[in-house]
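Listed here are the chains, written in short residue letters.
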Amino acid sequence: EGEQLARARFCARAVTPPADQAAFEIGSVSKTMAAFLVADLIEHRGWTLDDPIARHLPEGTRVPRFEDQEIRIRHLVSHTAGLPRLPPGMVPKDVSNPYADLSEAGLLSALADTRLDRAPGSTAAYSNFGMMVLSLAVARAHGNDLETALRTRLFDPLGMRQASIRPRDGAVWWQGHTPDGRLAPAWTIATNLAGVGMVRASLDDMVAYLQAQMGVTHTPLAGPIKCTQQPVAAGFGMNWSLPVVRGRALVLHEGGTGGFSSLVAFDPAARKGVVMLADTTLAELGGLADAALPLLVDLPVGTPRRAMPTPPDLLKALPGEYELAAMNLRLRLWAEDGQLKAQAQGQAAQTLGYDSRGDFYPLAASYLLRPVPGEGQAGQVNRLLLRQGGGVIEAVRAGIDTRPSANNPAWQAFAGEYALTPQFSIRVFEEAGQLKVQGTGQRSISAEQTGPDRIEVRHVGAVIEFHRNDAGAVVRATLIQGGQSLSGAKKP
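Here's a quick rundown of the structure. Numbering of residues starts from 1 in every chain and runs along the sequence as written. Residue-level local features of this predicted model are given only where pLDDT is at least 70; pairs of side-chain atoms are given and counted only at 80 or more, and the full residue set underlies all totals for whole chains, interfaces and linings. Side-chain metrics in this entry use all non-hydrogen atoms of the structure; hydrogen atoms and water are not considered.

## Thoughts on the overall build of the protein chain
What counts as a helix is a DSSP run of H or I of at least four residues, what counts as a strand is a run of E of at least two, and both are numbered from the N terminus. Assigned secondary structure in the protein chain consists of nine helices and 27 strands. Taking 2.2 N^0.38 as the reference for a compact globule, 492 residues should give roughly 23 Å; the C-alpha atoms of the protein chain span a radius of gyration of 23 Å, in line with that estimate. By its C-alpha atoms, the protein chain is 65 × 60 × 50 Å across when sized along the principal axes. We call two residues in contact when some of their heavy atoms are within 4.5 Å. For the protein chain, long-range pairs separated by at least 24 residues make up 55% of all intrachain contacts whose partners lie at least 6 apart in sequence. Mean positive and mean negative side-chain charge positions of the protein chain (48 and 48 charges, respectively) differ by 1 Å. Atoms counted for the radius of gyration: C-alpha only. Globule rule: 2.2 Å times residue count to the power 0.38. Think of it this way: Lys and Arg go in the positive column, Asp and Glu in the negative one, and His and the chain ends go nowhere. Here the site of a charge means NZ on Lys, CZ on Arg, CG on Asp, or CD on Glu.

## Examining the packing of helix α1 (residues 30-45) against helix α4 (residues 128-141)
The interhelical angle for the contact between α1 and α4, taken along N-to-C directions, is 45°, at an axis separation of 10 Å. It follows from the interaxial angle that α1 and α4 lie oblique. The interaxial crossing formed by α1 with α4 has left-handed handedness. Seen from α1, the contacting residues are Lys 31, Ala 34, Leu 37, Val 38, Leu 41 and Arg 45; seen from α4, they are Asn 128, Met 131, Leu 134, Val 138 and Ala 141. Three classes are used, and their members are as follows: Ala, Val, Leu, Ile, Met, Phe, Trp, Tyr, Cys and Pro are nonpolar, Asp, Glu, Lys and Arg are charged, and the others, Gly among them, are polar. When the residues that make up the contact of α1 with α4 are grouped by side-chain class, the tally is eight nonpolar, one polar and two charged. Angles here are taken between N-to-C directions and fall from 0 to 180 degrees, while the axes themselves are lines fitted to C-alpha atoms, restricted in helices to the stretch in contact. The cut-offs work like this: below 35 degrees is roughly parallel, past 145 is roughly antiparallel, 65 to 115 is roughly perpendicular, and the gaps in between are oblique. The hand of a helix crossing depends on one turn: near helix anticlockwise from the far one by less than a right angle means left-handed, and clockwise means right-handed.

## Points about α4
Multiplying one less than the number of residues by 1.5 Å gives the expected span of a helix. Its 14 residues place the ends of α4 20 Å apart at the C-alpha level, agreeing with the 20 Å of an ideal helix rising 1.5 Å per residue. With respect to burial, α4 is a largely interior element, 13 of its 14 residues being buried. Of the residues one or two after α4, Gly 143 is the one with positive phi, at around 75°. Relative accessibility under 20% of the residue-type maximum defines a buried residue, over 50% an exposed one, and the middle range a partly exposed one, all with a 1.4 Å probe and only protein chains included.

## Re the side chain of His 75
Positionally, His 75 belongs in helix α2 (residues 73-77). For His 75, a relative accessible area of 10% gives the class buried. When neighbours within four sequence positions are excluded, His 75 is seen to be in contact with Glu 70, Thr 80, Ala 81, Pro 120 and Gly 121.

## Details of the packing of α1 against helix α5 (residues 146-158)
A pair of packed helices is characterised by two quantities: the angle between their axes and the separation of those axes. Packing of α1 against α5 brings their axes to within 10 Å, and their N-to-C directions diverge by 75°. With respect to each other, α1 and α5 are oriented roughly perpendicular. Every residue of α5 that contacts α1 at Met 33, Phe 36, Leu 37, Asp 40 and His 44 is listed here: Leu 146, Ala 149, Leu 150, Arg 153, Leu 154 and Phe 155. Looking at the contact of α1 with α5, its residues break down into eight nonpolar, one polar and two charged.

## So, the packing of aromatic side chains
Pairing of aromatic rings covers Phe, Tyr and the six-membered ring of Trp, with a centre-to-centre limit of 6.5 Å; geometry is then stacked below 30 degrees between planes, edge-to-face above 60, and tilted otherwise. This structure, assessed with the given rule, holds six aromatic pairs. For the ring pair Phe 24 and Phe 260, a centre distance of 5.5 Å and an interplane angle of 65° mean the geometry is edge-to-face. Here Phe 24, found in strand β1 (residues 24-25), pairs with Phe 260, found in the loop between β7 (251-256) and β8 (261-267); they are 236 residues apart in sequence, far enough to count as distant. Here Phe 24 matches Phe 260 in class, with each residue buried. Pairwise contacts between aromatic rings join Phe 414, Tyr 418 and Phe 466 into one cluster. Any Lys NZ or Arg CZ that is within 6 Å of a ring centre and within 35 degrees of that ring's normal is treated as a charge sitting over the ring. The lysine or arginine in question, Arg 332, covers the ring of Trp 334, its NZ or CZ lying 3.9 Å from the ring centre. One Lys or Arg, Arg 427, reaches over the ring of Phe 429 and ends 5.5 Å from the middle of that ring.

## Re the pairing of strand β24 (residues 454-457)
By the convention used here, strands pair only if DSSP detects at least 2 bridges between them. As judged from the three bridges shared by strand β23 (residues 448-451) and β24, these two strands associate in the antiparallel manner. What sits directly across from Gln 449, in β24, is Ile 455. Where β23 folds back on β24, the antiparallel hairpin that results is connected by two residues. Sheet topology places β24 next to strand β25 (residues 462-468); four bridges connect them, and they run antiparallel. Among the inter-strand pairings, Arg 454 is bridged to a residue of β25, identified as Glu 465. Between β24 and β25, which pair antiparallel and follow one another directly, the connecting turn spans four residues, one of which, Gly 461, has a positive phi of 65°.

Below is the structure:
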């Protein structure tokens, strides 16, 4: 029926909306642009996905290995290199602009100090660290200037006139905000590391980018663009996520910084796509997918979060101290005047509100705290999930062992936690003589063993299959549900 393009703007406050040319921070959508440069190097400069990344870093750089297995480019573009989310030892001087003081030398020093605990390619775990390493390698291949590489190889050919890392003549950089409406500082980084998520672009730019990705516009860049969309690992192209939603194979990536949110998603078969840009960081609130995906597939539009009174039972069940092992931090919760209060070590106390989706949120900061139901003694919550900056960290009540376990010999090998995506895990355990399965942030559900290494969760129409190593130990699980499958390694 021909190409159709629709635009919409919405302002929650009575302010002048941004022009189509105003440049927004697009966060991790930048990673797909860095992936294009990799595909371009594959097509024109002899790179391959199987190149060890060490080959493209400064001579003498120490890159971690697992036994004799090297980190290769394919591992970095599919987040399977085994590198942590952020460089070890990274402590920002300013948490509101966390990457500002990270240098190329500091990044490579952190890389040398990193130790891998699993083979590259074995497990997906989203890593900004890995993308900064790849960004630096790409910049070195282009004369040590990532800005120029993006402009000459991608932005200018597609007519993306405002897109840049550094300020561009005549460009208007829009102001970002925190969820509570406060102004957010711009995020900055050393230019050659910016492929991790520091590109700014306008709506006009991103429409042109989406049209090129979908093949709507004819461009000599079509070869490398299409290359980035081909599967590299389970669920990943080259920095593109490749989910199947309601039977539709999509290509998508979300992004977020301290003051902005973004999303690019499209259905290649239907030649239908959507770009969303927001001048507010929404990572903790679930990003833009709830609003964007119903425009592509048959999904209900998510209902907005609304402030609610804190349930009295949670005011009784939550008080206590919790350990955030990933941050080496303790969090104290207590009830006061009908509200929940929170205080992390060395930080000021905060009053927490409660919303209609079951999350607590601070009234003067940006994170979500969700109680995990269905565990521990009646009337007590033992686990919390802290969501901040797009990541999820578990908090466990001090002195409580919440590791999944089973007494039934038939289930003992299954018991454990399996990371299916960087933000979603399933736990398999025995409780009161029943086999249970629990997804991240969800209630536990009864399961039934239906095969030697197979269980069914009939209540949600799901099957979980377990995989063993040569020694017979269960090391991996695959969740099959609604015609889709997700696989993940068992956590140590």
